[in-house]
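Topology and contacts: notes
The primary structure of each chain is shown beneath.
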Amino acid sequence: MGDRPYVLLSCSMSIDGYVDGVTDERLLLSNDADFDRVDAVRAGCDAILVGARTVRRDNPRLLVRSPVRQAGRVARGLPPSPIKVTVTGRAQLDPSANFFALGDSEKIVYCASAAVDEAEARLGKVATVVDAGQPVDLRCLTEDLHDRGVRRLMVEGGGTMHTQFLTADLADELHLVVAPFFVGDSRASRFVSDGRFPWNPDRRATLADVCQIGDVVLLRYALSERFCTD
Ligand SMILES: NC(=O)c1ccc[n+]([C@@H]2O[C@H](COP(=O)([O-])OP(=O)(O)OC[C@H]3O[C@@H](n4cnc5c(N)ncnc54)[C@H](OP(=O)(O)O)[C@@H]3O)[C@@H](O)[C@H]2O)c1
């Protein structure tokens, strides 16, 4: 088995475990102080990964916002923001989406073999397209990122990605923020979907830290022996 980066999962959810609402409007689950904390976590990573549906639905920028943190990265010989990574089976991604259009760092698309030609045609000018198997295997993906120099990977959702990283036992740390409200609609996306998770009533995860940030709470879980507090 090859080396893989340290993998940190980051998610904010409602009290009832939803990560989004059901309207087209983006649901803000964090507050300003927590968005700034997430910015600091981003700045400490080599790459940020989101699933293709998050790219399509949220159109995230996935950049380090703070000029001070950007400058700190540049002083360390890094690009101002981490590499952006996404995963797709169908390659139905828009090259003008913020994910591709914003920021100078590399963008990598791990694409299922069947859609690689489509991905190259659509995204080849704005991203590195990698044939990642059918379907994309996340362990291989993490090993490939390690080969590309990524030592610390932040996974920012959505639920499909979190579920796969957790059930494959590829996560070292989880940052789970709970916002003080309910969504109350099962059509909305959840933090994770069904699966066999390594942490269960007989093998409880380690709660490493609890921190109140204004009206939200951050739960920090250590999920592997590699967990580190840096
Ligand atoms: N609150 C938060 O912290 C947070 C953060 C991020 C996202 N979200 C929310 O999460 C929701 C999106 O989550 P989601 O679970 O529906 O989608 P997702 O995890 O963002 O993306 C799922 C997509 O990723 C691709 N994919 C995933 N695993 C794959 C594999 N092994 N092989 C090939 N392709 C694979 C597929 O793309 P294709 O369809 O292109 O084939 C799949 O449809 C949105 O509502 C968003 O707002 C919330």
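For the structure itself, consult the block above.
Residues numbered from 1 in each chain as written. Predicted model: local features only at pLDDT ≥ 70, side-chain atom pairs only at ≥ 80, totals over all residues. Heavy atoms only, no water.

Considering the overall build of the protein chain
Within the protein chain, the regular secondary structure consists of 7 helices and 9 strands. Against the compact-globule benchmark of 17 Å for 230 residues, the protein chain has a radius of gyration of 17 Å, which places it among compact chains. Considered along the principal axes of its C-alpha atoms, the protein chain spans approximately 45 × 40 × 40 Å. Per-residue burial for the protein chain yields a buried fraction of 48% across its 230 residues. The contacts in the protein chain between residues at least 6 apart in sequence include a share of 71% that link residues at least 24 apart. Accessible surface computed for the protein chain: about 11,500 Å², of which carbon and sulfur atoms make up 49%. (Helix = DSSP H or I, 4+ residues; strand = E, 2+ residues; numbered from the N terminus. Rg over C-alpha atoms; globule rule 2.2 N^0.38 Å. Buried < 20%, exposed > 50% of the residue type's maximum accessible area, 1.4 Å probe, protein only. Contact = heavy atoms within 4.5 Å. Areas by Shrake-Rupley, 256 points an atom, 1.4 Å probe, with all protein chains shown as cover.)

Description of the packing of aromatic side chains
Going through the model one piece at a time under the given rule, you end up with 1 aromatic pair. Here K84 stacks its cationic end above the ring of F99, 5.8 Å away from the centre of that ring. (Phe/Tyr/Trp six-rings, centres within 6.5 Å; stacked < 30°, edge-to-face > 60°. Lys NZ or Arg CZ within 6 Å of the ring centre and 35° of its normal.)

Brief notes about the site of the ligand
The immediate surroundings of the ligand are formed by 26 residues, with D20, R53, T54, T88 and T160 found nearest. Take A52: an N or O atom from its main chain is 3.3 Å from an oxygen atom of the ligand. At a separation of 2.8 Å, an oxygen atom of the ligand approaches a polar side-chain atom of D58. Coverage of the ligand by the protein chains reaches 86% of its 930 Å² of free accessible surface. Listed by contribution, the elements that provide at least two residues to the shell around the ligand are strand 1 (6–13), helix 2 (52–58), strand 3 (83–88) and helix 7 (159–167). Top element by residues in the shell around the ligand is helix 2. It accounts for 6 residues. (Near = heavy atom within 4 Å. Polar contact = N/O pair within 3.5 Å; in protein donor to acceptor, adjacent residues only side chain to side chain.)

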